[in-house]
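Each chain is listed here by its residues.
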Amino acid sequence: MKKNIKKAQILYDAIDESNGFYRCPVEKPVRSLMNVPFTLEKSDLEAEFIKEAAKEKNQKMIQPKGHISVGGMRASIYNAMPLAGVEKLVAFMKDFQRLEQVKMSAWSQGAVIRDRPSGSGSGYRTSQKTVAILVLSCLA
């Protein structure tokens, strides 16, 4: 039980400390230790999040169907999911958030973000300047 509490706490803390980028629609006193539903601040990013999570092999934890009444996504962190798996997911979530915030900052400065270059996908280019982004792999 202590492991499940720790896993859930790590994931909920990442959501709660994201400054609204990630949101949990469930009130703190009734949050599940096994299924963690969450949405993104901008719902149009959810498909991209799921796509990128699948590339990072987090697809077993992220379900495209979140809570029945609020949608979003759901992270399943049942007993078989090790603590390391939750830590990898949280690292991915933080990287995804960082990447999106850099892209938004570049757009606000007049840069045009192009698609990710083919290959390993370690950066994005702009027409006015290069925004260097290292997307850290969740698989250590």
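Keep in mind that what you see is a predicted model, and the values were worked out from it rather than measured. (Residues numbered from 1 in each chain as written. Predicted model: local features only at pLDDT ≥ 70, side-chain atom pairs only at ≥ 80, totals over all residues. Heavy atoms only, no water.)

A tally of regular secondary structure across the chain gives three helices and six strands. Taken from the N to the C terminus, the helices and strands of the chain come in the order α-β-β-α-β-β-α-β-β. Each of the 140 residues in the chain was classed as buried or not, and the buried ones make up 40%. By element, 54% of the accessible surface of the chain is carried by carbon and sulfur atoms, the whole surface being about 8,500 Å². (Helix = DSSP H or I, 4+ residues; strand = E, 2+ residues; numbered from the N terminus. Buried < 20%, exposed > 50% of the residue type's maximum accessible area, 1.4 Å probe, protein only. Areas by Shrake-Rupley, 256 points an atom, 1.4 Å probe, with all protein chains shown as cover.)

Let us now look at the environment of Val26. The topology assignment puts Val26 in the loop between strand E1 (22-23) and strand E2 (35-40). With near-sequence residues (within four places) excluded, Val26 lies in contact with Arg31 and Pro37. (Contact = heavy atoms within 4.5 Å.)

Relative to the 21 Å expected for 15 residues at 1.5 Å per residue, helix H1 (residues 2-16) spans 20 Å between its end C-alpha atoms, a close match to the ideal helical length. Listing the buried residues of H1 in full gives Asn4, Lys7, Ala8, Leu11, Tyr12, Ala14 and Ile15. Along H1, the residues classed as buried sweep out an arc of 155° about the axis, all on the same side. (Expected span 1.5 Å × (residues − 1). Arc of directions from axis to C-beta.)

Okay, helix H2 (residues 46-55) next. Looking at H2, one finds that the buried residues are Glu46, Phe49, Glu52 and Ala53. Here the buried residues of H2 occupy an arc of 125° about the axis, which is enough to place them on one side.

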